[in-house]
Amino acid sequence: MMSGREGSGTSDQAASPPVLSEAAVLEQLERIASSADLRVSERGRNFLRYVIEETLAGRAERIKAYSIAIEVFGRDETFDPQSDPVVRIEAGRLRRALEYYYLAAGRDDPIMIDIPKGGYVPTFAVRTVERTPLPDAGTKGAGRKARRARSTYLVSGLSALMVLLAAILIWRGENGDLVTNGGGKRELPEEPVLVVAPFVGLGEGTTAELYAARLTEEVTAQLARFHELTVLGRETTAALSPIANQQRLQADMDVDFLVEGSIRTSENQLRVTARLIDVSNGAIAWVHSYDEDLRSANLIKIESDIAGQMATAIAQPYGIIFRPKSETPGQSPPEDMSAYRCTLEFYAYRRNLSPEKHRSVRDCLERAIARFPDYATAWAMLSHIHIDEARFEFNRREDQGSALERGLSAAERAVALDPRSARALQAKMLALFYAKREEEALALGERALALNPNDTELLGEFGTRVAQSGDWKRGLGLIRQARERNPGYAGYYSSLMAACAYMMGETELALEYLQQADPETWIYYYAFAALTYAEAGMTAEAEAARERFTELRPDFFANLEAELLKRNFKPDDRARITEGAMRAGFLPSDPSN
């Protein structure tokens, strides 16, 4: 423990250097390694033990990526640190886990253990647990002057600790390596890691710099709402140069994507230019500019709107980051990335529903949760797959009981693992809706949308359920918002909007949306197209759409009442569809025949 000079002493007397014993360090090691707040896998704990024990044994010079890979990770002598970054990646996780541990369970621990960046040799230091006193007014004034001189935002004492803790929560998106209810470690597959570099103010004076600082924080917060990626927090962002070194980002922080941008002000005009960089190859994956009139709305709303648009474009399920990427021929991804890739393939399946893709994605997700049973996103997506088995009759498994029950069970598992995940809440909403618990489903959808209004996958799904519950006007409005925020998926949303317009009796509007729709993205496009064309007197078009839908779902209209009841259509809506089906030739004019 730390020792000091006895007696009262004067303020300029130096304390004796701290004394650390090997036993004390090993005791601290066990304290950390046995804590549930050290949020790494067992391999990460073994990594920590290895580097500490080697250092205490006087073999620090042997602690290299090669030796760690051999001794800890079981690699053979052919291991090449340049082509296999496993040690670097695990070291990054361990550093962040230690940082969190010392802010949580270890905040009063007597010894600080750290692994400085640039190597794998740990350092040990005695900690003082006295709380930092708040500075007096004079100190605060001096601090403000220093901050102005450096043009840097710094905080001191307890404030810094609070900011750091909040930042870590944002960094993990409240969905990172959490512990389960039983106290065990959740092993999750790798997710994309993203950091927002400080936006640059290009206007005259300090106004643009102030706007840039606030927008940087707002963008970081909006991105952190998406639980399918890891967003590094405010303290990491503040430490970056506006022109971040991409190689260092990848080497030191395991960053996959970098958001950077600038703000320019001129009189009452504001221009924000932002881009997303794939750190692995330096390619610009996305770039966009936003122009706003500062007289049109208050600045807080403008910043929130721009940040929301950016987050939607970058991080929502069909956005830039989550577009499925083709694998390099002859190369297989790591096992955990294979699990994560299942989620990307799920989004591809949702774009083009088919029994073949349904089966392959189902099998992939089931393998993923077998390896990562606490991966909430995979459970949520598997719930969708089970529901699709029931509503579309894809790859039915009669020997496994009700697909709806399986879907609801998987969704409840996802929500239990991550109660704030929009994907988990969306899955449970869908399962409840088809389980005839409509009121619960819509309430859950409202809650999920409040958590992340930028998630267009959720917005479109919720809008569809609202419409099917009988509120076609509101459903149309919600789906229209999803299309506006995600124009790359406009063909699907336009199909849904055409159905809403038809059900509202707005035939001309339905025809307009049909022209904008992509027939291959929604299995019921041709059904509603046939109903709409028949009502508009477009006989040839109605006949062609009817024939195409009959090829896809030959038994649907033969069991129309059951299919509509399954989807919670109200009596008046069922009557309208039945009447339209007779007009379009799906049913005989006299249903009794």
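Everything that follows concerns the structure shown earlier in this document.
The structure contained in this document is the topic of the report that follows.

### Thoughts on the side chain of asparagine 395
Secondary-structure assignment places asparagine 395 in the loop between α13 (376-392) and α14 (403-417). Relative accessible area serves as the criterion here: at 14%, asparagine 395 is assigned to the buried category. One polar contact links asparagine 395 to arginine 359, side chain to side chain, over a distance of 2.5 Å. In this view, asparagine 395 contacts Pro355, His358, Arg359, Arg362 and Glu389; residues no more than four positions away in its chain are not counted.

### Some remarks on the nonpolar core
If you look at the biggest cluster of nonpolar residues, it comprises 128 residues, and the most contacted ones within it are Leu194, Phe199 and Leu223. Aside from chain neighbours lying at most four places away, what touches phenylalanine 199 is Ala212, Leu215, Thr216, Val219, Val259, Glu260, Gly261, Ser262, Val272, Thr273, Ala274 and Met310. One finds Phe47, Ala65, Phe73 and Ile111 within the second-largest nonpolar core, a separate group that totals 29 residues.

### Examining the environment of glutamate 398
Topologically, glutamate 398 is positioned in the loop between α13 and α14. Residue class for glutamate 398 comes out exposed when judged on its relative accessible area of 60%. At 3.1 Å, the side chain of glutamate 398 and the side chain of arginine 396 are in polar contact.

### Details of the packing of helix α21 (residues 525-535) against helix α24 (residues 571-584)
Two elements in contact, α21 and α24, have axes whose closest approach is 9 Å; the angle formed by their N-to-C orientations is 70°. Classified by the angle their axes make, α21 and α24 are roughly perpendicular. Between α21, through Phe528, Ala530, Leu531, Ala534 and Glu535, and α24, the contact on the second element is made entirely by Arg576, Ile577, Gly580, Ala581, Arg583 and Ala584.

### Let's talk about the pairing of strand β6 (residues 257-266)
With respect to burial, β6 is a largely interior element, eight of its 10 residues being buried. As paired elements, strand β3 (residues 193-196) and β6 share three bridges and run parallel to each other. Residue leucine 194 lies in a different strand from β6, and its bridge partner there is phenylalanine 257. Sheet topology places strand β4 (residues 200-201) next to β6; two bridges connect them, and they run parallel.

Rules used in this analysis
Residues numbered from 1 in each chain as written. Predicted model: local features only at pLDDT ≥ 70, side-chain atom pairs only at ≥ 80, totals over all residues. Heavy atoms only, no water. Helix = DSSP H or I, 4+ residues; strand = E, 2+ residues; numbered from the N terminus. Buried < 20%, exposed > 50% of the residue type's maximum accessible area, 1.4 Å probe, protein only. Polar contact = N/O pair within 3.5 Å; in protein donor to acceptor, adjacent residues only side chain to side chain. Contact = heavy atoms within 4.5 Å. Core = buried A, V, L, I, M, F, W, Y, C linked by side-chain atoms within 4.5 Å. Axes fitted to C-alpha atoms, helices over the stretch in contact; angles between N-to-C directions. Parallel < 35°, antiparallel > 145°, perpendicular 65-115°, else oblique. Pairing = 2+ DSSP bridges.

Functional significance is not addressed by these values, which are geometric in nature.
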